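A look at the structure
Next come the chains, spelled out residue by residue.
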Amino acid sequence: RDIYFVAINYCIRRLNTGTKMYVREALELYRLSLEAGYLLEDGIMPESTFGNIVSLALKLKEYDWAKSFLEKYQNQLHPNFQAPLFHFSMAKLFYEENEIDQSMQQLSLVVTKAPFLFLGARTLQLKIYYEINEFDLLESLLDSLRVYLQRRKDLGYRRENYENLISYAKVLLQLPIMSKVDIENFREKVLASTIFTEKEWCLNQIERFRK
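Residues numbered from 1 in each chain as written. Predicted model: local features only at pLDDT ≥ 70, side-chain atom pairs only at ≥ 80, totals over all residues. Heavy atoms only, no water.

1. Quick notes on the packing of helix α9 (residues 158–172) against helix α10 (residues 180–192)
At a minimum axis distance of 12 Å, the contact between α9 and α10 shows a crossing angle of 160°. Taken as axis vectors, α9 and α10 run roughly antiparallel relative to one another. Two packed elements cross with a definite hand, and for α9 against α10 that hand is left-handed. Seen from α9, the contacting residues are Y168, V171 and L172; seen from α10, they are F186, K189 and V190. Along the lines of polarity and charge, the residues of the contact of α9 with α10 split into five nonpolar, no polar and one charged. (Axes fitted to C-alpha atoms, helices over the stretch in contact; angles between N-to-C directions. Helix = DSSP H or I, 4+ residues; strand = E, 2+ residues; numbered from the N terminus. Parallel < 35°, antiparallel > 145°, perpendicular 65-115°, else oblique. Left-handed = near helix turned anticlockwise from the far one by under 90°. Contact = heavy atoms within 4.5 Å. Nonpolar A, V, L, I, M, F, W, Y, C, P; charged D, E, K, R; others polar.)

2. Notes on helix α2 (residues 22–36)
The end-to-end C-alpha separation of α2 is 21 Å, in line with the 21 Å expected for 15 residues at 1.5 Å each. Of the surrounding secondary structure, the elements contacted by the buried residues of α2 are α1 (2–16), α3 (47–59) and α4 (63–73). Remark: G37 follows α2 within two positions and exhibits a positive phi of approximately 80°. (Expected span 1.5 Å × (residues − 1).)

3. Some remarks on a negative patch on the surface
On the surface, D64, E96, E97, E99 and D101 cluster together to form a negatively charged patch. When you line up the elements, E99 lands in the loop between α5 (79–96) and α6 (100–107). Classification of E99 as partly exposed rests on a relative accessible area of 36%. (Patch = residues over 30% accessible without salt bridge, like charges linked within 9 Å, V, L, I, M, F, W, Y side chains within 5 Å. Areas by Shrake-Rupley, 256 points an atom, 1.4 Å probe, with all protein chains shown as cover. Salt bridge = Lys/Arg side-chain N within 4 Å of Asp/Glu carboxyl O. Lys, Arg positive; Asp, Glu negative; His and termini not counted. Charge placed at Lys NZ, Arg CZ, Asp CG, Glu CD. Buried < 20%, exposed > 50% of the residue type's maximum accessible area, 1.4 Å probe, protein only.)

4. Side note on the pattern of salt bridges
For the coordinates displayed, the defined rule picks out 14 salt bridges. Linking K20 and E200 is a salt bridge whose minimum nitrogen-to-oxygen distance equals 3.5 Å. Taken as a pair, K20 in the loop between α1 and α2 and E200 in helix α11 (residues 199–207) lie far apart in primary sequence, 180 residues in all. Residues K127 and E198 are paired through a salt bridge, measuring 3.0 Å at the closest nitrogen-oxygen approach. In this pair, K127 is assigned in helix α7 (residues 115–131) and E198 in the loop between α10 and α11, connecting sequence segments 71 residues apart. Comparing K127 with E198, the two get one shared label, buried. Here the salt bridges share partners, and the residues they tie into one network are E184, R187, E188, E207 and R210.

5. What about the packing of aromatic side chains?
Per the stated rule, a full pass over the model turns up 11 aromatic pairs. Ring geometry for Y168 and F196: centres 5.0 Å apart, planes at 80°, overall edge-to-face. Here F196 lies in the loop between α10 and α11 and Y168 lies in helix α9, a separation of 28 residues in the sequence. For the pair shown, Y168 and F196 are each scored as buried. Every member of this aromatic cluster is reached through a ring pair, and the members are F50, W65, F69 and Y73. Across from the ring centre of W65, 4.5 Å away, lies the NZ or CZ of R31, which sits over that ring. (Phe/Tyr/Trp six-rings, centres within 6.5 Å; stacked < 30°, edge-to-face > 60°. Lys NZ or Arg CZ within 6 Å of the ring centre and 35° of its normal.)

6. Things to note about the side chain of E62
Secondary-structure assignment places E62 in the loop between α3 and α4. For E62, a relative accessible area of 18% puts it in the buried group. The contacts of E62, once residues within four sequence positions are left out, are R24, L27, R31 and A57.

7. Quick look at the nonpolar core
Core analysis: the largest hydrophobic core is formed by 68 residues, its most contacted members being F50, L126, C202 and I206. The element best represented in this core is α5, accounting for nine residues. Excluding its chain neighbours within four sequence positions, the residues that come into contact with C202 are Y168, L172, F186, V190 and F196. (Core = buried A, V, L, I, M, F, W, Y, C linked by side-chain atoms within 4.5 Å.)

8. Quick notes on unusual backbone geometry
Positive phi outside glycine occurs at D42, with the angle close to 55°. Relative to the helices and strands, D42 is located in the loop between α2 and α3. Positive phi values are uncommon outside glycine, yet N133 reaches one of about 65°. Within the secondary structure, N133 is located in the loop between α7 and α8 (135–151).

By themselves, these observations are geometric and do not establish any function.
As C-alpha cells, this is what we get:
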C-alpha cells in the first residue's frame, strides 16, 4: 500500500508541473490500488482520491470507465460528499462529452459548503457560460466568486488560482476588441502563470483570436 501511494504521489506531482505523460501511469496505479483495496480507509474513499481518479479518466477520454467508476464507488465516499461529489463528477463527464445541458443540470444539484467542491463547480460553470456566450451570467458569476474569495480566509495557495481565474476570465471577455499585440501579451502572461489549473482551457480560448 505504501509503495503504491509513493508511486501515485510521484505521478501527481509530475502532473502538477505539467508533465502530461504521467496521466496514464497515474490512472493505472489507481486502478491496481482499487483492485487491491488500498484506496479505502475504514471503508471510506477520500474525496481527493475519488476526484483524482475521475479527472485522470476524463483526460484520457475513458468516459465509459469513468461513469462506471462513479456509479460503483459513489457510496464509498463519506456521506457528506456522496451526492455533491457524484453530481460534480457527472457534470465534468457530460462537459467533456459536450453534453452541456446535462452538465448544467448536474451542476445545479451540487449543494455543498466544502470550498473545493463549491469552487470546482463554479469553475466548470464559468467555462460553460463563456463557451455558450452567456456573458451576462458569466459577469454575475465572476462578481459572486470575487465576494466568496474575500470572505473565505482558509483557501491557502488555492486563492491565487481562483484570483487568476477571475482576472483572466475578465480579459477573455475583452478579447474581441483587443489588439493582436495585447492578445499576445495576455497569452504570455497566462503561459507564465505557475498557479492556474485552467491554463490549458484559457490558452485554447485565446487561440481562437490569434488567427
